[in-house]
Amino acid sequence: MMALARWNTLGHSRLGLVVSKKNVKLAVDRNRFKRLVRESVRLRQDQLPGVDIVVLARRGVQDMDNDALYRQLHGMWKRLRRETQAVNAPPESSIRNT
C-alpha cells in the first residue's frame, strides 16, 4: 500500500481511500481493507497532524492478514507523525509501504 499526505487548514486529518477492482478483485477484500484503514485512523486521530491522507491499495493487499495490515498502517502513521514534526512549514509528504 502507499499513502500520500498533504497539509490542510482544518486542524484535523482527513482520509481518502483508493481501492481499485484491478488491484483487489473481490468486493469482500476491498471492503475489509477500507474498514481496517478507517479503524486505524479512527484509533489514532488524536495523534495525527492536520493533513489530508490518501491511501492507495496495491496488488497483494488482499493476501495480508489483519495483523500485518495493522502493523503496516501503524508504521505509516508513526512515520507521518515523525516527518511532520521534523518540518515546520507544511510541505507535501509522501509515505510508501509495500
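See above for the structure.
Only a predicted model underlies this, so the values are computations on that prediction, with no experimental measurement involved. (Residues numbered from 1 in each chain as written. Predicted model: local features only at pLDDT ≥ 70, side-chain atom pairs only at ≥ 80, totals over all residues. Heavy atoms only, no water.)

Visitor: What is the right way to look at the overall build of the protein in this model?
Guide: Regarding its fold elements, the protein presents two helices and four strands. Going residue by residue from the N terminus, the α and β elements of the protein occur as β-β-α-β-α-β. Looking at the protein residue by residue over its 98 residues, the buried ones come to 38%. Look at the contacts in the protein between residues 6 or more apart in sequence, and 81% of them connect residues 24 or more apart. Summed over its atoms, the accessible surface of the protein is roughly 6100 Å², and 49% of this surface lies on carbon and sulfur atoms. (Helix = DSSP H or I, 4+ residues; strand = E, 2+ residues; numbered from the N terminus. Buried < 20%, exposed > 50% of the residue type's maximum accessible area, 1.4 Å probe, protein only. Contact = heavy atoms within 4.5 Å. Areas by Shrake-Rupley, 256 points an atom, 1.4 Å probe, with all protein chains shown as cover.)

Visitor: Would you explain the pattern of salt bridges in this entry?
Guide: Oppositely charged side chains can pair when the atoms bearing their charge come close. Applying the stated criterion to the full structure yields two salt bridges. Where arginine 14 meets aspartate 52, a salt bridge forms, and the shortest distance between an N and an O atom there is 2.8 Å. Taken together, the positions of arginine 14 in strand 2 (residues 14-18) and aspartate 52 in strand 3 (residues 51-56) put the pair 38 residues apart, joining distant regions of the chain. Between glutamate 39 and arginine 42 there is a salt bridge whose closest N-O contact spans 2.8 Å. Taken together, the residues span about one helical turn, with glutamate 39 and arginine 42 both in helix 1 (residues 27-44) at a distance of three residues. (Salt bridge = Lys/Arg side-chain N within 4 Å of Asp/Glu carboxyl O.)

Visitor: Help me out: how do you make sense of the side chain of arginine 44 in this one?
Guide: Here arginine 44 is to be found in helix 1. Buried charged residue arginine 44 carries no salt bridge. Nearest counter-charge: aspartate 46, at 8.1 Å. Setting aside its immediate chain neighbours within four residues, arginine 44 contacts His74 and Trp77. (Lys, Arg positive; Asp, Glu negative; His and termini not counted.)

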